Amino acid sequence: MAGAYIKAVRAHLPSVEVTNSYLERRFPGFTADKILAKTGIEKRYVAEEGEFSTDLARRACEKLFESSAIDPSKIDALLVCTQTPETLIPTTACKLQDTLGLPREIFALDYNLGCSGYVYGLSLASSLIASGQAKQVLLVTADTYSKIIDPEDRSVVSIFGDAGSATWIAGVEGDADGISGFVFGTDGSGADHLACGYGLKGRGDSHELALRMNGPEIFNFTLGVVPRSVKESLSKLGLGLEDIDLFVLHQANAFMLEHLRKKIGIPEEKFLVAMRNTGNTVSTSIPMALREAELQGKLRSGMRILLAGFGVGLSWAACVVRWL
Amino acid sequence: MEIQDLIRLIAEELGVDESLIKPSAELAGLPNWDSMSVLGMLASIDEKFDLQLDVSRLATCKSVADLMGLVNEAGSGS
């Protein structure tokens, strides 16, 4: 049996930089220092007017193709996680198959999830591999929340950044614990706490339709589900906190992450916070952080890394990855 | 948790002297009070007292004393 492993991860940021100093000028009284202290974010990047999630996804995939041993002609499944597709129809996955020149005999699918989306994607990818339906999976995340944000809403403008990522997942014969310990959760009763009304029901550019976030509700939700998911994922694998080499949680807000770290009891040196220069990039935050950890030399072969995504939905998921 | 504990916690979060915060003080009128300070306060209450408030009712809390009521409800498990 083939076990699925992450073989390589790349991320891409758009070019428009939004610094805290810029936000301070836009929102008098909302000082750059305060934003950094409260969110752990110094700058975030947003897509240009004519740049969309498809473009961020394509660039991330091109980086992966240029820098890893992946053979694009061998990719037999393409999963795209986005909540801000360039068009409603057809899917981003279908467009990417063409623009990236991927095989026509490919399983290609979009799915709509936010901050939990990367872990769900790893689950889909490893299931396709374990069931023999695919051997080489390209998992893509891409979002441009900047296009659905009310530019006057400083609580979301200061948090979210646009980005895309591409992850190569492949089966390794005879070894089955590359990605395991999956835990999932959904609570649609909290749907309104982080939502955007834009869609077929509500169309136009009205601020009413923009992304709105109830910070305290989202915060309370994470306090409940994240420590529990971490514990359940470890328990499924018969592991303890001490068996994990690195914890990579969805990079929601550095302040919130620090609180979760202490609440769960994770040592500081095993906890990754990598959002200072990107902001909260939704479904891309975990792969972006993994890439950052790799660049910083923090990832070593054989390491066990616990991933946990949580947010819009409300939706959450966790798993443990064994780094190749 | 007593009201003075809550006042101390709010004062720390807002970076003001606790003697300036009275139980009758309006939350919205406190210096530096905004959505981010609310998150900080929720985190402190969770960390120091292991209590999670019913935040859907936060908006109905006008004063520090109202907030204390919500904290007490969380503490009594209701």
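Worth saying up front: this structure is predicted, and the values here are computed from it rather than measured. (Residues numbered from 1 in each chain as written. Chains lettered and ligands numbered in written order. Predicted model: local features only at pLDDT ≥ 70, side-chain atom pairs only at ≥ 80, totals over all residues. Heavy atoms only, no water.)

### Re the overall build of chain A
If you tally the helices and strands in chain A, you get nine helices and 13 strands. Against the 2.2 N^0.38 benchmark of 20 Å for 324 residues, chain A shows a C-alpha radius of gyration of 19 Å, consistent with a compact globule. Taking the principal axes of its C-alpha atoms as reference, chain A extends roughly 60 × 45 × 40 Å. Taking all 324 residues of chain A together, 58% fall into the buried category. Long-range pairs, those at least 24 residues apart, make up 77% of the contacts in chain A with a sequence separation of at least 6. Counting only carbon and sulfur atoms, one obtains 50% of the accessible surface of chain A, whose full area is about 13300 Å². Looking at chain A, you have 33 positive and 38 negative side-chain charges, and the mean spots of the two groups are 3 Å apart. (Helix = DSSP H or I, 4+ residues; strand = E, 2+ residues; numbered from the N terminus. Rg over C-alpha atoms; globule rule 2.2 N^0.38 Å. Buried < 20%, exposed > 50% of the residue type's maximum accessible area, 1.4 Å probe, protein only. Contact = heavy atoms within 4.5 Å. Areas by Shrake-Rupley, 256 points an atom, 1.4 Å probe, with all protein chains shown as cover. Lys, Arg positive; Asp, Glu negative; His and termini not counted. Charge placed at Lys NZ, Arg CZ, Asp CG, Glu CD.)

### Let's talk about the packing of helix 7 (residues 215-236) of chain A against helix 8 (residues 254-264) of chain A
Residues and elements named next belong to chain A. At a closest axis distance of 10 Å, the pairing of helix 7 and helix 8 adopts a crossing angle of 45°. In terms of orientation, helix 7 lies oblique with respect to helix 8. Handedness of the crossing formed by helix 7 with helix 8: right-handed. Taken together, the residues of helix 8 that come into contact with helix 7 (itself represented by Phe219, Thr222, Leu223, Val226, Pro227 and Val230) are Phe255, Met256, His259, Leu260, Lys263 and Ile264. Grouping the constituent residues of the contact of helix 7 with helix 8 by class yields nine nonpolar, two polar and one charged. (Axes fitted to C-alpha atoms, helices over the stretch in contact; angles between N-to-C directions. Parallel < 35°, antiparallel > 145°, perpendicular 65-115°, else oblique. Left-handed = near helix turned anticlockwise from the far one by under 90°. Nonpolar A, V, L, I, M, F, W, Y, C, P; charged D, E, K, R; others polar.)

### Things to note about the pairing of strand 12 (residues 304-311) of chain A
Residues and elements named next belong to chain A. Counting buried positions over the eight residues of strand 12 gives seven, a clear majority of the element. Of the pairings in the sheet, the one linking strand 11 (residues 246-249) to strand 12 comprises four bridges and is parallel in character. Residue pairing for strand 12: leucine 249 is matched across the bridge by alanine 308. Here strand 12 pairs with strand 13 (residues 315-322) via eight bridges, running antiparallel. Following the sheet pairing, alanine 308 is matched in strand 13 by alanine 318. The hairpin turn running from strand 12 into strand 13, its antiparallel successor, is three residues long, and glycine 313 in that turn takes a positive phi close to 150°. (Pairing = 2+ DSSP bridges.)

### What to know about the sheet that holds strand 11 of chain A
Paired through their backbone hydrogen bonds, the strands of a sheet run either parallel or antiparallel. Residue and element names in this part refer to chain A. Within the open sheet, the four strands sit side by side as 8-13-12-11. Their pairing is mixed. If you trace the sheet from one side to the other, it starts and ends with strand 8 (179-186) and strand 11, each paired once. For this sheet, the mean angle separating the axes of adjacent strands, direction not counted, is 10°.

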